[in-house]
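Observations on chain architecture
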Amino acid sequence: MDFVKTQENEFLSLIAQHKGILYKICKMYTNDPEDRNDLSQEIILQLWKSYGTFKAQSTFATWMYRVSLNVALTFLKRSSRKIDDGILFPETDLADIASGSHKEDQLEYFYKAVQELLPVEKALIFLFLEGETHHSIGQHLGISEGNARVKLNRTKEKLQLIIKKNGYEY
Amino acid sequence: MVMNIENFKDAWNSQAGENIILPKTINQLKAAGQPLDKIKKNMKHELFSQLLGIILLGIFPQLLKITKELYLLYYALYALMLLVCGYYLVKFFFFFKQVDATVLSSKENLYELYYEIRLKIEMYKSFAYLLAPFSIIFSAILIFGLEKNKLFEKLRNITNMDMLLCFVLFATIIVVVTLITNWWLNHFYGKYVRQIRNILDELREENV
């Protein structure tokens, strides 16, 4: 019993250290606060269930990417039961985005644009921004390094077009 | 100048997730957003109504007072149906208990999920199809066997035309059950298969 409690505390403290990953994935995959909360709970729960498979050979962050993205890819949103192709998220009016700091603005426009990407495209962009190599992105997603590179480049172009269409400039 | 994703890493790395409120214990978390969880939940709900149906079928002869001669036939079939149900319920139970495969690569994980769900849907279908003839025979026994109807005695003098009518009626019931089962599965479970199929299509390898 004590062992489980210690393990749970150790796990929760690791999650706390890496909660940035959780925040970013949830924000990329959901646009609704309730869904975001559901997804973060789902991810933590799946991470906990799989915690026994975590081997110290990989870093906790790398392992967390893998499990979290797998959960996010198949997550069913509560706010939108329509999960067939073309997932629609509640629109955020770009005019409503408060003009905060330069970084905050960039992030707001980025997350707004990301909602228009497909689930795998979101994973590609996430892994790229986390600094993963093409080889590692391919390993996470189960595709070849070459395909990871091609798909990532295409997604980056698509994302930039969306951002441009949304009118963000600096 | 349009925001360049390559120069965006500073802003990206500045997010530490301060807004996220983490649970103090795992027990505070609730799950329900994964296709398998949804399917398991749906199947569990259906399981309760199926179990209730099985129990009711077991006491119908007494409740409806059917001809005693039909008891043996009814309960022989009932025992056979229990065997079939037992087999499928055990299979479904193991499905509920299965360990998840979230540590695999996304593609492997999605394929596991995809085939797992497809397999369960097919199993569910065959279960429903197997139950259809049972329900027809049970209904026939219950209708013809009612003591007050005296229909059972009339069965000895059944004409070819009556036989044909019964056959058409049973065939129609089977077709309707098949159509309803397919619609039901497609409506409640097919969407998960399509969702996963779409993501797998996204991951398809291209010639580079």
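The sections below set out a description of the structure shown in this document. Note that this is a predicted model, so its numbers are computed, not measured. (Residues numbered from 1 in each chain as written. Chains lettered and ligands numbered in written order. Predicted model: local features only at pLDDT ≥ 70, side-chain atom pairs only at ≥ 80, totals over all residues. Heavy atoms only, no water.)

1. What about the overall build of chain A?
Here is the rule: Working definition: helices are DSSP H or I runs of at least four residues, strands are E runs of at least two. Numbering for both runs from the N terminus. Throughout this description, buried means an accessible area under 20% of the type-specific maximum (1.4 Å probe, protein chains only), exposed means over 50%, and partly exposed covers the range between. Note on contacts: a residue pair qualifies if any of its non-hydrogen atoms lie within 4.5 Å across the two residues.
A count of helical and extended segments in chain A gives eight helices and zero strands. Its helices and strands in sequence order give chain A the pattern α-α-α-α-α-α-α-α, from N to C terminus. Within chain A, the fraction of its 170 residues that count as buried is 56%. The contacts in chain A between residues at least 6 apart in sequence include a share of 67% that link residues at least 24 apart.

2. Quick word on the overall build of chain B
The following threshold applies: Using a 1.4 Å probe, the Shrake-Rupley method yields the accessible areas, and only the shown protein chains count as cover for residues.
A tally of helices and strands in chain B yields six helices and zero strands. Going from N to C terminus, chain B has its helices and strands arranged as α-α-α-α-α-α. Considering only contacts in chain B between residues 6 or more positions apart, those separated by 24 or more positions represent 82%. With an accessible surface of roughly 12500 Å², chain B has 67% of that area assigned to carbon and sulfur atoms.

3. A look at the pattern of salt bridges
All names here are of chain B. For the record, the criterion: By convention in these notes, a salt bridge is any Lys or Arg side-chain nitrogen within 4 Å of a carboxyl oxygen on Asp or Glu.
The tally for this structure, following the rule as stated, stands at ten salt bridges over all chains. A salt bridge links E205 to K107; the nearest nitrogen and oxygen atoms lie 3.9 Å apart. Of the two residues, E205 sits in the segment after α6 (160-202) while K107 sits in helix α4 (residues 106-145), which places them 98 residues apart along the sequence. Assessed through its relative accessible area of 35%, E205 is described here as partly exposed.

4. Observations regarding the packing of helix α2 (residues 19-29) of chain A against helix α5 (residues 102-114) of chain A
Residues and elements named next belong to chain A. In plain terms, the rule: Orientation is described by axes fitted as lines to C-alpha atoms, over the contacting stretch for helices, and by angles from 0 to 180 degrees between their N-to-C directions. Every angle not falling under 35 degrees, over 145, or within 65 to 115 is termed oblique; those three ranges are roughly parallel, roughly antiparallel and roughly perpendicular. Lys, Arg, Asp and Glu make up the charged group, whereas Ala, Val, Leu, Ile, Met, Phe, Trp, Tyr, Cys and Pro make up the nonpolar group; the residues left over, Gly among them, are polar.
Here α2 crosses α5 at 50°, and the two axes come no closer than 8 Å. Taken as axis vectors, α2 and α5 run oblique relative to one another. Residues Y23, K24, K27 and M28 of α2 form the contact with α5, whose participating residues are E108, F110, Y111 and V114. A class-by-class count of the residues in the contact of α2 with α5 yields five nonpolar, no polar and three charged.

5. Here's the deal with helix α8 (residues 145-165) of chain A
Rules: Each helix should span, by expectation, one fewer than its residue count multiplied by 1.5 Å.
Taking 1.5 Å per residue, 21 residues should reach 30 Å; α8 of chain A reaches 30 Å between its end C-alpha atoms and fits that length. The complete set of buried residues in α8 of chain A reads G146, N147, A148, K151, L152, T155, K156, L159, I162 and I163 of chain A. Buried residues along α8 of chain A sit against α5, α6 (119-129) and α7 (134-141) of chain A together with α6 of chain B.

6. Here's the deal with the packing of aromatic side chains
Quick reminder of the rule: Pairing of aromatic rings covers Phe, Tyr and Trp, the last counted by its six-membered ring, and requires centre-to-centre distances within 6.5 Å; plane angles under 30 degrees mean stacked, over 60 mean edge-to-face, and any other angle means tilted.
On inspection of all chains with the given rule, the structure shows 28 aromatic pairs over all chains. Summarising the aromatic geometry, the rings of Y111 of chain A and W12 of chain B are spaced 6.4 Å apart at their centres and angled 35° between planes, so their arrangement reads as tilted. One end of the pair, Y111 of chain A, is in helix α5; the other, W12 of chain B, is in helix α1 (residues 9-13), on a second chain. A relative accessible area of 4% places Y111 of chain A in the buried class. A residue is classified by how much of its surface remains accessible, and W12 of chain B, at 0% relative accessible area, is buried. Measuring from centroid to centroid gives 6.0 Å for F126 of chain A and W12 of chain B, while their planes differ by 70°, and the two rings are edge-to-face.

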